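Breakdown of the fold
Here's the letter readout for the chains.
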Amino acid sequence: MAKNLVIVESPAKGKTIEKYLGKDYKVLASYGHVRDLLPKEGAVDTANDFTMKYQNIDRNSKHVDAIVKELRKKDNTTLLLATDPDREGEAISWHLLEILKKKRGLMKEKEVGRVAFNEITKKAIKEAVEEPREIAMDLVDAQQARRALDYLVGFNLSPLLWKKIRRGLSAGRVQSPALRMIVEREEAIEAFIPQEYWTVEADVSAQGENFIAKLTHLKDQKLNQFDINNTELAHDAEASLLAAAEGKLTITKVDKKKRKRNPSPPFTTSTLQQEASRKLGFSAQRTMRTAQQLYEGIELGGETTGLITYMRTDSVNLSNDALDELRQFIGERYGTDNVPAEPRAFKTKAKNAQEAHEAIRITSVNRVPQSLQEHLTKDQFRLYELIWKRTVACQMIHATLDTVAVDLTAGDAGIFRANGSVVVTPGFMALYQESVDDNKDADKGSKILPPMIEGERIDLISLRPEQHFTEPPPRFSEASLVKTLEEHGIGRPSTYASIISTLQQREYVEMDKKRFIPTDVGRVVNKFLTAHFTQYVDYEFTANLEDELDAISRGEEEWIPLMRRFWTPFKELVDDKEKSVSRKDVTEEPMDENCPECGKPLVTKLGKRGRFVACTGYPDCSYTRNIGGEQERAEPEVVEGRTCPECDSPLLIREGRYGKFIGCSAYPKCKHIESLEQPAETGVECPKCKEGQILRRKSRRGKVFYSCGRYPDCDYAIWNEPVAEPCPNCDWPILTIKTTKRRGTEKVCPQKECGYAEPYNREESSEDDREATED
């Protein structure tokens, strides 16, 4: 019988650890959180030092019972709590231990230790179990404070939104500032007024090679962006330059420099999500789900091995063992001239960063991506390759570039400049380069210029005045939103995916070309919160609160005084707004226009399908119209390039009680309809035809379902989210994630005759992601 009982969160992680530790250790899984706050008002007793009332989570009770049964088998069993090495993992261990202590006589004369490891490798696990420690109550207190704050915000603000706007809405401590960012960006875009400006470029030739130079000075005056801002000025400049140049430009200055470019640091949670979004097109949730699989382990040659370190971290540190292995590998694979004299050390740029863990890295550099491809799914391979390249590149030599800037004059009428560069020593760039959001100048300065000397006169081929207009700031992508949240110190590494998911689930935002657009509901919620709860959606306030939670985790502050400072003014404000703000104040906005039917003022209102124009004389006057539209419904828009698949009639974009949809123009003779919303990829292969990919679709009534992308050639469809894992019972190629009130969230086989089901915990979601207290 095993002398030691090890507890982890997931069975996949547990199987790997049990193999590494041998017969003296038995490993059981808690399947995530074992207890949580009561899901009702009063779970945090604000009148009694914020005492928190917990209940065991039903769906995981049988796993707790299994742990209890194992502990009763032998009196001198040592209990090792090996949950994840972060605040949430520490809290799970503490909650489990609290449950076990309440079992009569169970923990008598039993030793308890907390073990933490950053990677699931044999060496890391064996070292961890040899040095158990006590549960870090500072980390537990910080997590409890976070949970209590989120609960109090959710259970007080969300009902207020129901009363003042409409049912089903929610607000969260971190979710709401994120929504504010998206809405403010959209408002800036809408308020943006384009400004005209012109540039003048010269096509020139030297040594038989053509290149481009840009006008920087006109008649000894350095040009600013809007100095040439109309057609007349642009053509006047062109005429004076051509007259002065007489077909030649004179080289007056050649400035050559060597420039070094250093590699990016290894991945943190935030930068991994950003790069996976830019390079792979992954959502934050897809990235974290795949990273979790790589961390928990993949079966290689009969043994399950963790391929990356823990993926929720904001540290950029690497262990000495990892640095030694990387430097040896780089020397052998890429040559010793690509190994810097000293290992590279990085400092995080993230606000409120915690440096306790390592960065996200591969567990062994010798497991090169190509050697693992047959063992990994497509998503796993692509993400592993990204992490492998970034890890190796961060410890390679810098890249060396020769840059040259050449000034060319057109007599005394103006000066042009040409920039060029050439990579002399690629260093890390031979393996990896970080992507950049919205980089319109990606190729600027990257061209190679021909050799030139000062005083030389070269051919001017032509001048090209070009008109431009300034552009509004871009909408947020997932990558740029995560980056901005991190820069402001809002949220933690584990919360970014759930923040984005919650905003979409609540229909506060929509995605268009992978960019966030606030919905009418999102705008109204943001307007209410920024007008009446200004402090609580303030970026600095939210970041300062994160600072204080970090201070609690370090033992520098107590959590109850923090709760008091937050709760008293917050509760007073909630009570005041419940009395002083009416629904009309929030959902209606006056217009500078009168009703064409009765002459009373018009307002915009929030309805079930978004904002619309209505008369203040309602119910006496029932005049309404769409925003920016006429009262009469416009003619349906024809879908270009497509016809009805059933009767070959034109397809139209129609509007019904559930919003816009595509319908056949031959209705009611033909009743073909389809969703207007574009399907989203899941990355899971169709198990029926094995050719198409399962897509996430939305029915006309807004219900989400999943079906093969080859429809109608393949009619495979399911209601639940697919997972690219074969059923261990019947070997059906996929499983699905199903949630019911009675059984909770489970991983189930979609084949009805199979009946396979097991509890499922969404590891990528943080404890903050709750029904009423989501971040």
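Worth saying up front: this structure is predicted, and the values here are computed from it rather than measured.

1. Observations concerning the sheet that holds strand S21 (residues 601-607)
A sheet is described by the order of its strands in space; here four strands give the open sequence S20-S21-S22-S23, paired in antiparallel fashion. Edge strands, defined here as strands with exactly one partner in the open sheet, are strand S20 (589-594) and strand S23 (624-626). Strand-to-strand, the axes of this sheet are offset by a mean angle of 35 degrees, without reference to chain direction. Pairing geometry for S20 and S21, over three bridges, is antiparallel. Residue pairing across strands places Glu589 opposite Thr604, the latter belonging to S21.

2. Some details on the packing of aromatic side chains
The final tally for this structure, using the stated rule, is 14 aromatic pairs. Note on Tyr54 and Trp94: the rings are 6.5 Å apart at their centroids and 75 degrees apart in plane angle, and the pair reads as edge-to-face. Residue Tyr54 is located in strand S6 (residues 54-56), and its partner Trp94 is located in helix H3 (residues 87-101); the two are separated by 40 residues in the primary sequence. Ring geometry for Phe705 against Trp719: centres 6.1 Å apart, planes inclined by 70 degrees, an arrangement best described as edge-to-face. One end of the pair, Phe705, is in strand S30 (residues 704-708); the other, Trp719, is in the loop between strand S31 (717-718) and strand S32 (721-723), and 14 residues separate them in sequence. Among the residues examined, Phe705 registers a relative accessible area of 21% and is labelled partly exposed. Under the relative-accessibility criterion, Trp719 is labelled exposed at 53%. The rings of Phe528, Phe533, Tyr536, Phe541, Phe566, Trp567 and Phe570 are connected pair by pair, giving a single aromatic cluster.

3. A short note on the confidence of the model for the chain
In the predicted model, the chain carries a mean pLDDT of 88, and 93% of its residues have values of at least 70. Across the chain, the element-wise mean pLDDT spans from 79 in strand S27 (residues 673-675) up to 96 in helix H12 (residues 378-393). Low confidence marks residues 763-775, where pLDDT is under 50. Its contacts with residues over four positions away, or in another chain, come to 57 contacts.

4. Details of the environment of Ser480
Structurally, Ser480 can be placed in helix H13 (residues 478-488). Note: C-alpha distance between Ser480 and Gly663 (183 residues apart in sequence) is 36 Å.

5. So, the packing of helix H1 (residues 11-21) against helix H4 (residues 122-129)
A pair of packed helices is characterised by two quantities: the angle between their axes and the separation of those axes. The N-to-C vectors of H1 and H4 enclose an angle of 75 degrees; their axes lie 10 Å apart at closest approach. In terms of orientation, H1 and H4 fall into the roughly perpendicular class. The residues of H4 that touch H1, namely those facing Ile17, Tyr20 and Leu21, are Lys122, Ile125, Lys126 and Val129. Partitioning the contact of H1 with H4 into residue classes produces five nonpolar, no polar and two charged.

6. Comments concerning the sheet that holds S31
Two orientations exist for strands paired in a sheet by backbone hydrogen bonds: parallel and antiparallel. Strand order in this open sheet of four strands is S28-S29-S30-S31, and the pairing throughout is antiparallel. Of all strands in the sheet, those bounded by a partner on one side alone are strand S28 (680-685) and S31. Relative to S31, S30 runs antiparallel, the two being bridged by two bridges. The partner of Ser707 across the bridge, within S31, is Ala717.

7. Observations concerning the pattern of salt bridges
Inspection of every chain in the model, using the stated rule, returns 41 salt bridges. The residue Glu691 makes a salt bridge to Arg710 at a minimum N-O spacing of 3.5 Å. Of this pair, Glu691 sits in the loop between S28 and strand S29 (693-698) while Arg710 sits in the loop between S30 and S31; the two residues are 19 residues apart in sequence, bridging distant segments of the chain.

8. Some words on the packing of H3 against helix H5 (residues 137-164)
Between H3 and H5, the shortest axis-to-axis distance is 8 Å and the interhelical angle comes to 100 degrees. Taken together, the axes of H3 and H5 are roughly perpendicular relative to one another. Within the contact between the two elements, H3 uses Arg87, Glu88, Glu90, Ala91 and Trp94 and H5 uses Met137, Leu139, Val140, Ala142, Gln143, Gln144 and Arg146. Considered class by class, the residues forming the contact of H3 with H5 number six nonpolar, two polar and four charged.

9. Considering the pairing of strand S1 (residues 4-8)
Taking burial as the measure, the five residues of S1 include five buried ones, the bulk of the element. The two faces of S1 match: Asn4, Val6 and Val8 on one face and Leu5 and Ile7 on the other face are all buried. Judged from the four bridges that link them, S1 and strand S7 (residues 78-81) form a sheet pairing that is parallel. Residue pairing in the sheet places Asn4 in a bridge with Thr78 of S7. The β-α-β motif built from S1, the intervening H1 and the parallel element strand S2 (residues 25-29) has right-handed crossover chirality.

Cut-offs used in this document
Residues numbered from 1 in each chain as written. Predicted model: local features only at pLDDT ≥ 70, side-chain atom pairs only at ≥ 80, totals over all residues. Heavy atoms only, no water. Pairing = 2+ DSSP bridges. Helix = DSSP H or I, 4+ residues; strand = E, 2+ residues; numbered from the N terminus. Axes fitted to C-alpha atoms, helices over the stretch in contact; angles between N-to-C directions. Phe/Tyr/Trp six-rings, centres within 6.5 Å; stacked < 30°, edge-to-face > 60°. Buried < 20%, exposed > 50% of the residue type's maximum accessible area, 1.4 Å probe, protein only. pLDDT = per-residue confidence, 0-100. Contact = heavy atoms within 4.5 Å. Parallel < 35°, antiparallel > 145°, perpendicular 65-115°, else oblique. Nonpolar A, V, L, I, M, F, W, Y, C, P; charged D, E, K, R; others polar. Salt bridge = Lys/Arg side-chain N within 4 Å of Asp/Glu carboxyl O. Right-handed = clockwise from strand over helix to strand, strands pointing away.

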